[in-house]
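The primary structure of each chain is shown beneath.
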Amino acid sequence: MPNFPRRRFAAPVAAAFALALIGVGGCGSSAKSHPTTSPTPSASSSTAGGLSPLTGLPGPAGQIVAVKVDNIVNARPQTGINSADVVYAIEVEGGLSRFLTIFDSNHLPPGDSVGPVRSARESDLPILQQYGKVDFAYSGALSRFLPVLSDANIFNASPQQDSSSYFRGTGNVAPYNLYVRPSGILHTFPDSAQAKDIGFKFGPAPDGGTPTDSFTATMPAASFTFTWSAAQDKYLVAMDGKPAMTTDAGQMGAPTIVVQKVAETTSPRGFMDSPGVLSPYAPTVGSGQAVVLRDGKAYQGSWSRTDPNGGTSFSFAGQPLNFHPGQVWVVLEPQ
C-alpha cells in the first residue's frame, strides 16, 4: 500500500445534538399515528425531464463512482455518505456491516472526500452490475478475489491503480483512515457509465402503509434503527444503538429506506475470511420481501430482480412502490 498524504477533517457534530435528533431511534420498531408529508409528484426512474434516475431529483444524470466504506466502530464517523445517491448496507465477516456507496458525478460531497475506504467483497459485484461499467473505489480484497475483480465489468479504482486520488486522514489510525477524492477517480476513468434506470420509481406515496416512527433492521452483529423526523422529512439513522454521525454533514438519514430481505448465504466461490470460515454473501438477483420506509410510514412489499444486468423493482399491493425523491438507503437484511 502506498504512503498517502495526511489530511485533517472537521470535528463531528456534538453528541448532545445527535441524541436530540435521534429521538426514539434506539428503541426498536414501533407504529404511531402522526401527520405525514407528501412529496411533489415526480417522474418515474428515467432521465426524461432532467430527473436523476437514482434519486428522482431534478438534474442531469452524471457518471457513477462507487466507494466501499468501512462501518466498524473504529471507522466512525464516516465522511461523504450523506452526499451519496444510494447507500447499500451489506453484511461482512463476523456478521458486521459495510457500506457500498453510489455517487453521481453531479452530486459529489462538498469536501470531495469519502471514507474510510475499505476492501471489496463478493456481494459488491452483482449490485454494481445493474449500474453498468462504473468506477469502483476500494482499498483491497482477499487475494483469491482479486482475479475476479480484475475480470469484472468495472473500472478498478483501487489505490494500486490510482494512488493519487487517495489520502490518509488524521481522525483515525490505519487502516481506518484511508479516504478517496471521487472527482480524481472520475478524472482517471472518464468513460465510466452514466447513471441510469436501476428499477427505482419516484412519486407520491401509495395508499395504505403503517404509520411508523421507528424501525430496526438487523444483521448478526449489527443493527440499523431508522427514526422518522417530520421536521427534516427523512428517517434519521442510528447504528448499534447510537446516532450515525458523519464528519461533514451531521447525522445520516434519508427520505427513503429500503430493508431488502435477502437469502444470506456463504461465498459461492468458496472464499474464506479465516481458515474454515466462509465469507458471507448477500444474493441480490432473485426475489423476496422488502419493507420501504417513507413519509413516516412502512410499506410491507416485495422486490424482484430476474436479470443480473437489470435493475431491482419494488412493489406494494401488486403495484410499483414509489420512493420519496432523494437519497435511497438499501439495507440487505438476512432473512
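Residues numbered from 1 in each chain as written. Predicted model: local features only at pLDDT ≥ 70, side-chain atom pairs only at ≥ 80, totals over all residues. Heavy atoms only, no water.

Another aspect to go through is empty space enclosed by the protein. A full pass over the atoms with the stated rule returns two cavities of 30 Å³ or more. A volume near 110 Å³ is recorded for the largest cavity. For the largest cavity, the lining is made up of 13 residues, of which Arg121, Glu122, Leu142, Ser279 and Pro280 are closest to its centre. Its residues assigned to classes, the lining of the largest cavity shows six nonpolar, two polar and five charged. Its boundaries defined by the atoms lining it, the second largest cavity holds a volume of some 80 Å³. (1 Å grid on protein atoms, 1.4 Å probe; cavity = no way out; pocket = protein on both sides within 12 Å on 5 of 7 lines; lining within 4 Å. Points joined across faces, edges and corners; volume = space filled by probe spheres on them. Nonpolar A, V, L, I, M, F, W, Y, C, P; charged D, E, K, R; others polar.)

This paragraph deals with the packing of aromatic side chains. By the definition in use, this model includes 15 aromatic pairs. Ring centres 6.4 Å apart and planes at 70° place the aromatic pair Phe224 and Trp329 in the edge-to-face group. Of this pair, Phe224 sits in strand 11 (residues 222-229) while Trp329 sits in strand 24 (residues 328-334); the two residues are 105 residues apart in sequence, bridging distant segments of the chain. The class of Phe224 is buried, set by a relative accessible area of 1%. Since its relative accessible area comes to 0%, Trp329 is described here as buried. Between Tyr299 and Phe316, the ring centres sit 5.2 Å apart and the planes meet at 85°, which makes this aromatic pair edge-to-face. Taken together, the positions of Tyr299 in strand 21 (residues 297-305) and Phe316 in strand 22 (residues 313-316) put the pair 17 residues apart, joining distant regions of the chain. For the pair Tyr299 and Phe316, one class covers both residues: buried. Above the plane of the ring of Phe155 lies Lys133, whose end atom (NZ or CZ) is 4.6 Å from the centre. (Phe/Tyr/Trp six-rings, centres within 6.5 Å; stacked < 30°, edge-to-face > 60°. Helix = DSSP H or I, 4+ residues; strand = E, 2+ residues; numbered from the N terminus. Buried < 20%, exposed > 50% of the residue type's maximum accessible area, 1.4 Å probe, protein only. Lys NZ or Arg CZ within 6 Å of the ring centre and 35° of its normal.)

Across the six residues of strand 2 (residues 64-69), six count as buried, placing the element largely inside the fold. Side-chain alternation along strand 2 places Ile64, Ala66 and Lys68 on one buried face and Val65, Val67 and Val69 on a second face that is also buried. Where strand 2 lies against strand 4 (residues 97-104), six bridges are found, and the strand directions are antiparallel. In the strand pairing of strand 4, Val69 is matched with Phe99. Pairing analysis gives three bridges linking strand 2 to strand 5 (residues 135-137), with the strands arranged parallel. Counterpart to Ala66 in the pairing with strand 5 is Phe136. (Pairing = 2+ DSSP bridges.)

Within the protein, residue pLDDT values average 88, and 85% of them lie at 70 or more. The low-confidence segment residues 8-46, where pLDDT is below 50, has 86 contacts with residues more than four positions distant or belonging to other chains. (pLDDT = per-residue confidence, 0-100. Contact = heavy atoms within 4.5 Å.)

At the junction of Arg76 and Pro77, the peptide bond is cis and its omega measures out at -5° in the coordinates. Within the secondary structure, Pro77 is located in the loop between strand 2 and strand 3 (86-91). In the segment running from Ala174 into Pro175, the intervening peptide bond is cis, with an omega of 10°. Mapping Pro175 onto the fold places it in the loop between strand 7 (166-169) and strand 8 (178-180). Despite not being glycine, Asp295 shows a phi value in the positive range, around 55°. With respect to the element layout, Asp295 can be found in the loop between strand 20 (286-294) and strand 21.

In this structure, Tyr88, Leu100, Ile102, Phe136 and Phe200 are the most contacted members of the largest nonpolar core, which totals 41 residues. Look past the residues within four positions of Phe136 in its chain and what remains in contact with it is Ala66, Lys68, Leu100, Ala120, Asp124, Leu128, Leu149, Ile154, Phe155, Asn156, Ala157 and Ser158. In terms of nonpolar packing, the next biggest core, distinct from the first, is built from 40 residues, Phe155, Val180, Phe224 and Ala244 among them. (Core = buried A, V, L, I, M, F, W, Y, C linked by side-chain atoms within 4.5 Å.)

Moving on: the environment of Pro220. As for its placement among the helices and strands, Pro220 is situated in the loop between strand 10 (214-219) and strand 11. Sequence separation between Pro220 and Glu333 is 113 residues, and the spatial gap between their C-alpha atoms is 9.5 Å.

This paragraph deals with the side chain of Glu122. Mapped onto the elements of the fold, Glu122 is located in the loop between strand 4 and helix 2 (124-129). A polar side-chain atom of Glu122 sits 2.6 Å from a polar atom in the side chain of Ser267. Beyond its immediate stretch of four places on either side in the chain, Glu122 contacts Phe145, Ser267, Pro268, Arg269, Phe271 and Tyr281. (Polar contact = N/O pair within 3.5 Å; in protein donor to acceptor, adjacent residues only side chain to side chain.)

Structurally, Val92 is set in the loop between strand 3 and strand 4. Once the C-alpha coordinates of Val92 and Ala221 are considered, the two residues, 129 residues apart in sequence, prove to be 9.7 Å apart. Setting aside residues up to four positions removed in sequence, Val92 forms contacts with Ser97, Arg98, Arg121 and Pro280.

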